[in-house]
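Observations on the three-dimensional arrangement
Each chain, written out:
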Amino acid sequence: MDERELLTRFKDGTLDRDQAARLLAAARAPAAGTDLVRRPPGPYAEPPGLYPEPAAAYPYPEPGTVPPPEGSVAGPVVDDRYAVVGLAGHYPLAPDLHAYWENVRTGRDTSSAVPVDRPGLSPAAPGRRGHFLDGVAAFDPEFFGIAPAEAALIDPQERLFLEVAWEALEDAGCTGPRLDALTTADGERRAVGVFVGVSSHDYALLAAEAWAAGARGTPPDGGHWGLPGRLAALLELTGPAQAVDTAECSALTAVHLAVGALRRGECAAAVAGGVELLLHPSRVRDGAGEGVGAVVLKPLHAALADGDRVHALIRDTASGRGAPRGNRPGAAAAGTGEHETRGTTARRIGSAGAVTGIAALTAAVLRVRHEAPAPGDGEDTQTPWPRSDDGTGRRLPRTATVEIDTDGGCRARAVVEEYEAPEPVAGQDAREEDTRGDDGPFLLSAPTPGHLAATARRLADWLSATVDGGHPADGRSLLAGVARALRTGRAAMPCRLAVRAPDVPRLVAVLRRHADTAAGGDEADTADLRAGGADPLGLNDVPETRDYLAALWRAGRHEQLTRLWLGGVDVDWVALEAASPHGAPAEPPPSVLLRRPLWLDRAPADGARTEQAP
């Protein structure tokens, strides 16, 4: 193709920016091609005349830079893409993302009548239908170390976001030792930012009405600062924490702010999401909706260096009235045309306010991950989503554009790109088959024995379903992945269980025995550190302990390491396994939350706990 044809294909969207730059660089002499891949001074980097809209629509340099042509003097390559390494959400008729994906894939109608057992909604007009979550009045205060009386005063939106953010961090493997390893350039540990889209104050309104009616209890806080602030305080996170209110695009604006904070080096990872609950009858209208969702983001180069599992990539974000619209170059590769909007999201979860953007982004991530295009209204789809190419035979990744507009003029946009893992290098397959020393221990922990038993049962059920789904029951890779994910990615809590098992069926049997009897036999050990007695020798305070633990690991002394962990010694499994040949950890289910109703006018009760749906 000559230069004119390349530019024509670029303008009509057949080629994105990276493809056009690469092909133009090859077609031109090096001196002339340099300007196409070198960023000019200032924050904008579009080659003049190529974009139909002004450069001011882009508040940051266009991501996804390409290498300069050989012999040019362009600066170093910067890959400005961001990996989605953690993902979680609860949506109408979808207590987890597996159910949400089925709803997205099939176009399921999730509307229902107003829940009769929902506190605060009793005066809602009869006959109205909306898209509602189950159990919004419930919470697990013990899991998060919050007094029940205090938890009853916390906005359920804040409580629910805390639960889902924790689930997303567990999905990313960032609630245990790996959380400490997230540092900024200045060495600040736990450098994680929190950005939350939220716009309603229903719980405060209910409290004000109760006060007017004569109730004189302690009112809940009315601000939204608690949504990012409580998570940051609970985990001692050192990155920025910010609540965002830009109506329906609040959550997508939160993602944009998270990407900006990562780009500027203010944090090493970021939690971004949103929440919307209908807690006051004045806001229950036909077609109204609810939901909560969160993603964990890291720069792509950091995610790959840390061995993270990558769900998808965020290629570009923008916010404000100047955010670009439509199928711009870079927004969707040739022939894909996948878009998530306020309208497509409303068909799934209703008019869901601040959570709309994260629900749309999650759907886009699931689409590119499952390689499935959008179905028609109410239509299931098994249609393959073919890749296009750049005209030279090179296949392009699938992409989807998320664009959320509001009636008030706010706008936010993100481009989601399929992640394609690099081809394994020579000899890598052999290393992955070497699972020596990584078949255990399998470590679980929880705040109470009840939590521990429920989490053991959930893991056993997940392992059984995984095997039934086609994974070999004696697969060493499954055992190795689960063992490593539990060790390095989960927080060490007071009630602990360590299991030794040679294969998946045996591991399932031991976990179920513990769930039923609180015992694991000769193949499991337990410890309860709630009453004290952790680390009786004070090894956590001795600097030589780190070298001692490393020596035990190198010598294969897993039993001794496990006993130290059960006794309360802080074992940095990430540091021990830094040189592990194994790939990204597996994806075990989240910890169980034992939720119970906690509401303004309800005294906290010890009973009536229900396990959160897996």
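Residues numbered from 1 in each chain as written. Predicted model: local features only at pLDDT ≥ 70, side-chain atom pairs only at ≥ 80, totals over all residues. Heavy atoms only, no water.

Predicted confidence across the protein chain gives a mean pLDDT of 81, with 75% of residues reaching 70 or more. Ignoring residues within four places in sequence, the model shows residues 28–77, a span with pLDDT below 50, making 82 contacts including any to other chains. Note that pLDDT drops below 50 for residues 327–336; the model gives that stretch 37 contacts with residues more than four away or on any other chain. (pLDDT = per-residue confidence, 0-100. Contact = heavy atoms within 4.5 Å.)

On to empty space enclosed by the protein, then. The final tally for this structure, using the stated rule, is seven cavities of 30 Å³ or more. In this model, the largest cavity occupies a volume close to 140 Å³. What lines the largest cavity is a set of 16 residues, among which Asp171, Ala172, Gly173, Arg309 and Ala586 lie closest to the centre. Mapped onto the lining of the largest cavity, the elements with two or more residues apiece are α7 (156–171) and α17 (476–489). In terms of residue class, the lining of the largest cavity is made up of six nonpolar, three polar and seven charged. Here the second largest cavity defines a volume of roughly 90 Å³. Taken together, Phe143, Trp166, Glu170, Leu443, Leu444, Ser445, Thr455, Leu486, Arg490, Ala491, Met493 and Ser591 form the lining of the second largest cavity. Of all elements in the fold, only α7 and β13 (442–446) reach the threshold of two or more residues within the lining of the second largest cavity. If you tally residues by element for the lining of the second largest cavity, the top one is β13, at three residues. Classifying every residue of the lining of the second largest cavity by side-chain character gives seven nonpolar, three polar and two charged. (1 Å grid on protein atoms, 1.4 Å probe; cavity = no way out; pocket = protein on both sides within 12 Å on 5 of 7 lines; lining within 4 Å. Points joined across faces, edges and corners; volume = space filled by probe spheres on them. Helix = DSSP H or I, 4+ residues; strand = E, 2+ residues; numbered from the N terminus. Nonpolar A, V, L, I, M, F, W, Y, C, P; charged D, E, K, R; others polar.)

Here we take up the packing of helix α11 (residues 250–263) against helix α14 (residues 356–370). For the pair α11 and α14, the least separation of the axes is 4 Å and the interaxial angle reads 70°. Put simply, α11 runs roughly perpendicular to α14. Side by side, α11 and α14 meet where Ala251, Leu252 and Val255 of the first sit next to Gly357, Ile358 and Leu361 of the second. Residues belonging to the contact of α11 with α14 are distributed by class as follows: five nonpolar, one polar and no charged. (Axes fitted to C-alpha atoms, helices over the stretch in contact; angles between N-to-C directions. Parallel < 35°, antiparallel > 145°, perpendicular 65-115°, else oblique.)

On to the pattern of salt bridges. Should the charged atoms of two oppositely charged side chains come close, the side chains can pair. Going through the model one piece at a time under the given rule, you end up with 41 salt bridges. Here Arg367 makes a salt bridge to Glu340, at a shortest N to O gap of 2.8 Å. Placement of Arg367 in helix α14 and of Glu340 in strand β10 (residues 338–341) is noted, with a sequence separation of 27 residues between them. Neither Arg367 nor Glu340 differs from the other in exposure class; each is buried. By sharing partners, the salt bridges in this structure join Glu371, Arg387, Arg398, Glu418 and Glu420 into a single network. (Salt bridge = Lys/Arg side-chain N within 4 Å of Asp/Glu carboxyl O. Buried < 20%, exposed > 50% of the residue type's maximum accessible area, 1.4 Å probe, protein only.)

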